[in-house]
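Fold and contact review
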Amino acid sequence: MSINPDAVDAAFFDELRKHYSEDEIVELGVFIGFNLGYHTFFGSLNFYPMFSPDGRLVRQSESEKLYGPTPTSLKPEAAV
Amino acid sequence: MTRIAPLPRQAIADPELQALIAEGEALGVPDDLFPRIIARAPDQAVPLLRALLMSHAQGNVDHKLKEIIRILLARFANDRYFASLRSTKARDMGLTEKRIDEGCFAYEDDNKGFSEAEKWALRYADLMFLDAKQLDKTFYDEMKKHWSEAQIMELGAFVAFHYGMQMFIRSLGVAAPAVATNEVIK
């Protein structure tokens, strides 16, 4: 939906229907749309989690060091 | 034909959802097609539709500017459904198709008369999904010269939410409504 929306075509939906009901597809679609929009917005605000991985409340400067400037899933080493 | 069939209007029994659908129809955005599709996820349809309407028609940012931004985003998303809908409230406030097109395609042109605040809001929407890396500290510092932090959050949330829903509707292959403007996809 985000990277290549043209690929989400009728054939794609036919395949989705083999695994999900139409109601579930709508639920997934609005969830993805909502996250697609908001994560881009949040990303522009440059904020980080309030808590460290071990549950400590940390300042934003420390959180940035802990989590790094790049989303974990986008780091090349995270790719399997 | 949409890839997910909308529910028949009479199948929607929730009075809160019915009221929100009527509110959308009165505003003109959305008509009842979008709500009848998301009504398939009934627990989410009410908060989603309420947020869509609230972020568009309420708040402390000029509704006419938000309407231009909404259409700019829908054109960018290649979403013919939302790009074709028009806010009756914005129209009643004096927003014309000519002004919408100027806001979408020529807001940087000083001859078009957009204020600096309006230009920064339109750049904000343009860049959010065109090149979000440009929305850096320098950009926000400049935004703050023209908009309060509350208004920037209102604009950002509006842009994010509407763009997300437009991309979702685009994926469903929802066509423009029968009564549509002479819509041009950016």
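Cut-off values and rules
Residues numbered from 1 in each chain as written. Chains lettered and ligands numbered in written order. Predicted model: local features only at pLDDT ≥ 70, side-chain atom pairs only at ≥ 80, totals over all residues. Helix = DSSP H or I, 4+ residues; strand = E, 2+ residues; numbered from the N terminus. Buried ≥ 20, exposed ≤ 12 C-beta atoms within 10 Å, placed from the backbone. Rg over C-alpha atoms; globule rule 2.2 N^0.38 Å. Contact = placed C-beta atoms within 7 Å. pLDDT = per-residue confidence, 0-100. Core = buried A, V, L, I, M, F, W, Y, C linked by C-beta atoms within 7 Å. Expected span 1.5 Å × (residues − 1). Axes fitted to C-alpha atoms, helices over the stretch in contact; angles between N-to-C directions. Parallel < 35°, antiparallel > 145°, perpendicular 65-115°, else oblique. Left-handed = near helix turned anticlockwise from the far one by under 90°. Arc of directions from axis to C-beta. Nonpolar A, V, L, I, M, F, W, Y, C, P; charged D, E, K, R; others polar.

Right, let's talk about the overall build of chain A for a bit. Each helix and strand in chain A was counted, giving three helices and zero strands. When the helices and strands of chain A are read in sequence order from the N terminus, they spell out α-α-α. Counting across all 80 residues of chain A, residues that qualify as buried make up 12%.

Within chain B, the secondary structure is distributed over 10 helices and zero strands. Along its sequence from the N terminus, chain B presents helices and strands in the succession α-α-α-α-α-α-α-α-α-α. The C-alpha atoms of chain B give a radius of gyration of 16 Å, which matches the 16 Å a tight globule of 186 residues would have. C-alpha extents for chain B along the principal axes are approximately 50 × 30 × 30 Å. Partitioning the contacts of chain B with sequence separation of at least 6, the portion at a separation of at least 24 is 76%.

Turning next to the interface of chain B and chain A. Of the residues lining the interface, 25 residues belong to chain B; the matching set on chain A comes to 22 residues. Mapped by element, the contributors of at least two residues to the side of chain B that touches chain A are helix 2 (33-38), helix 3 (42-57), helix 8 (116-130) and helix 10 (149-171) of chain B.

This part is about the confidence of the model for chain B. As a note on interpretation, predicted positions should not be read in detail where pLDDT is low. All names here are of chain B. Of all residues in chain B, 95% attain a pLDDT of 70 or more, and the chain-wide mean is 93. At the level of individual helices and strands, chain B shows its lowest average pLDDT in helix 5 (residues 80-84), which scores 94, and its highest in helix 6 (residues 88-92), which scores 98. Predicted confidence for residues 180-186 stays below pLDDT 50, and this span has 15 contacts to residues more than four positions away or in other chains. For this predicted complex, the interface score ipTM comes out at 0.85, while the overall pTM is 0.90.

Below, the discussion takes up the confidence of the model for chain A. When pLDDT is averaged along chain A, the result is 86, and 88% of the positions lie at 70 or above. Mean pLDDT across the elements of chain A bottoms out in helix 3 (residues 60-67) of chain A (89) and peaks in helix 1 (residues 10-16) of chain A (94).

With that settled, the discussion passes to the environment of Arg 91 of chain B. Residue and element names in this part refer to chain B. Here Arg 91 lies in helix 6. For Arg 91, a count of 15 C-beta atoms within 10 Å puts it in the partly exposed group. A C-alpha to C-alpha distance of 24 Å links Arg 91 and Leu 48, two positions 43 residues apart in sequence.

A few words on the nonpolar core. Membership of the largest hydrophobic core comes to 57 residues, with the highest contact counts inside it found for Ile 38, Leu 73 and Val 159 of chain B. Per-element tally for this core: the top contributor is helix 10 of chain B, with 10 residues.

Further remarks concern helix 10 of chain B. Along its 23 residues, helix 10 of chain B runs 33 Å from first to last C-alpha, staying within 8% of the 33 Å computed at 1.5 Å per residue. Gly 173 of chain B lies just past helix 10 of chain B and shows a positive phi near 70°.

Looking at where Gln 44 of chain B falls in the secondary structure, it is placed in helix 3. Taking the number of C-beta atoms within 10 Å as the measure of exposure, Gln 44 of chain B has 16 and is therefore partly exposed.

This next bit is on the packing of helix 3 of chain B against helix 10 of chain B. All names here are of chain B. At their nearest, the axes of helix 3 and helix 10 sit 10 Å apart, and the two run at 135° to each other. Looking at the two axes, helix 3 sits oblique to helix 10. Crossing handedness for the pair helix 3 and helix 10: left-handed. The residues of helix 10 that touch helix 3, namely those facing Ala 51, Leu 52, Ser 55 and His 56, are Ala 157, Phe 158, Phe 161 and Met 165.

The next point concerns the environment of Arg 50 of chain B. The residue Arg 50 of chain B is located in helix 3 in this model. Separated by 26 residues in the primary sequence, Arg 50 of chain B and Gly 24 of chain B have C-alpha atoms spaced 9.3 Å apart.

This part is about helix 8 of chain B. Here helix 8 of chain B is 15 residues long and its end C-alpha atoms lie 20 Å apart, about the 21 Å a rise of 1.5 Å per residue gives. Residues of helix 8 of chain B that are buried include every one of Trp 120, Ala 121, Tyr 124, Ala 125, Met 128 and Phe 129 of chain B, and no others. The arc that holds the buried residues of helix 8 of chain B, viewed along the axis, is 145°, so those residues lie on one side. In helix 8 of chain B, the exposed positions that point more than 90 degrees away from the buried face belong to Glu 116 and Leu 130 of chain B. Residues of helix 8 of chain B that are buried in the fold lie against helix 2 (22-45) of chain A together with helix 4 (63-76), helix 9 (137-143) and helix 10 of chain B.

On to the packing of helix 4 of chain B against helix 10 of chain B. Residue and element names in this part refer to chain B. Running from amino to carboxyl end, helix 4 crosses helix 10 at an angle of 40°, the nearest separation of the two axes being 9 Å. Helix 10 is crossed by helix 4, and the crossing has right-handed handedness. Contact residues: helix 4 offers Lys 66, Ile 69, Arg 70, Leu 73 and Ala 74, while helix 10 offers Phe 158, Val 159, His 162, Tyr 163 and Gln 166. Class assignment of the residues belonging to the contact of helix 4 with helix 10 gives a composition of six nonpolar, two polar and two charged.

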